[in-house]
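Letter by letter, the chains look like this.
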Amino acid sequence: MKTVISTSKAPAAIGPYSQAIKVGNLLYTSGQIPIDPATGNIVSGDIKEQTRQALSNIKAILEEAGLTMNNVVKTTVFLTNMEDFTEMNSIYAEFFSEPFPTRSAVAVRTLPKGVLVEIEAIGAAE
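Residues numbered from 1 in each chain as written. Predicted model: local features only at pLDDT ≥ 70, side-chain atom pairs only at ≥ 80, totals over all residues. Heavy atoms only, no water.

J.: Just to check I follow, could you spell out the packing of aromatic side chains for this structure?
T.: Taken as a whole and judged by the stated rule, the model has 1 aromatic pair. When the ring of Tyr92 is compared with that of Phe96, the centres are 4.6 Å apart and the planes differ by 40°; the resulting orientation is tilted. Judged by relative accessible area, Tyr92 falls into the buried class, the value being 5%. The ring centre of Tyr92 lies 4.5 Å from the NZ or CZ of Arg103, which sits over that ring. (Phe/Tyr/Trp six-rings, centres within 6.5 Å; stacked < 30°, edge-to-face > 60°. Buried < 20%, exposed > 50% of the residue type's maximum accessible area, 1.4 Å probe, protein only. Lys NZ or Arg CZ within 6 Å of the ring centre and 35° of its normal.)

Quick look at the structure:
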């Protein structure tokens, strides 16, 4: 059975999808872009600021489900410019500690609302 997870501390879904779905002990988040949930606006700034907001949104969703960033087992990072990888990675490292989750990072042509990064995560309750 699947359970919808939703919080006002992350951007509301703007289409036919959920912020996250919990199935058993696994939580699957939708891709999070750097929208400030308080304003509904894209955060201004570079890849570092956008990465920080996307990961903060994931953190809020995890917390709503009773999880933390330590419960994340897999992430996927979508970048519009792979030259941003090193700067994205520096902020990413602030949110995770060892053992780090597995990760894929892929370059894409464009992302919603013209953002530089989108991140999705899978968390596991222990």
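Anyway, onward from the coordinates.
J.: Can you help me understand the environment of Arg103 in this one?
T.: By the element assignment, Arg103 lies in strand 7 (residues 102–107). According to the relative accessible area criterion, Arg103 is partly exposed, its value standing at 29%. Spatially, the C-alpha atom of Arg103 lies 4.7 Å from that of Thr75, the residues being 28 residues apart in sequence. Beyond its immediate stretch of four places on either side in the chain, Arg103 contacts Lys74, Thr75, Val77, Phe85, Met88, Asn89 and Tyr92. (Helix = DSSP H or I, 4+ residues; strand = E, 2+ residues; numbered from the N terminus. Contact = heavy atoms within 4.5 Å.)

J.: Could you clarify how one ought to interpret the nonpolar core in this entry?
T.: Nonpolar side chains in soluble globular proteins tend to be buried together. Formed by 25 residues in total, the largest nonpolar core has its most connected members in Leu27 and Leu55. Ranked by residues supplied to this core, first place goes to helix 1 (residues 47–64) with 7 residues. With residues up to four places along the chain from it excluded, the contact list for Leu55 reads Met69, Ile91, Tyr92, Phe95, Phe96 and Ile119. (Core = buried A, V, L, I, M, F, W, Y, C linked by side-chain atoms within 4.5 Å.)

J.: What is the right way to look at the packing of helix 1 against helix 2 (residues 85–95) in this model?
T.: Relative orientation and spacing of two packed helices are given, respectively, by the angle between their axes and the distance between those axes. Orientation of helix 1 relative to helix 2, taken along the N-to-C sense of each, is 35°, at an axis distance of 8 Å. Judged by the twist between their axes, the crossing of helix 1 over helix 2 is right-handed. Seen from helix 1, the contacting residues are Ile47, Lys48, Thr51, Arg52, Leu55 and Ser56; seen from helix 2, they are Glu87, Met88, Ser90, Ile91, Tyr92, Glu94 and Phe95. Of the residues belonging to the contact of helix 1 with helix 2, the class tally is 6 nonpolar, 3 polar and 4 charged. (Axes fitted to C-alpha atoms, helices over the stretch in contact; angles between N-to-C directions. Left-handed = near helix turned anticlockwise from the far one by under 90°. Nonpolar A, V, L, I, M, F, W, Y, C, P; charged D, E, K, R; others polar.)

J.: Could you clarify how one ought to interpret helix 1 in this entry?
T.: Along an α-helix, a turn takes 3.6 residues, which lines up residues three or four apart on a common side. Counted at 1.5 Å a residue, the expected span for helix 1 with its 18 residues is 26 Å, and the 26 Å between its end C-alpha atoms agrees. When helix 1 is considered as a whole, its buried residues turn out to be Ile47, Gln50, Thr51, Gln53, Ala54, Leu55, Asn57, Ile58, Ala60, Ile61 and Leu62. Sitting at the amino-terminal end of helix 1 is Asp46, which places a side-chain oxygen 3.1 Å from the backbone nitrogen of Lys48. In the stretch just after helix 1, Gly66 is the one whose phi turns positive, near 80°. (Expected span 1.5 Å × (residues − 1). Polar contact = N/O pair within 3.5 Å; in protein donor to acceptor, adjacent residues only side chain to side chain.)

J.: I would appreciate a short explanation of helix 2 in the present structure.
T.: Those residues of helix 2 that sit buried are Met88, Ile91, Tyr92 and Phe95. All buried residues of helix 2 fall inside an arc of 105° around its axis, so they share one side. Away from the buried face of helix 2 by more than 90 degrees, exposed residues Thr86 and Glu94 are located. Looking at the buried residues of helix 2, the elements they touch are helix 1, strand 6 (72–79) and strand 7. (Arc of directions from axis to C-beta.)

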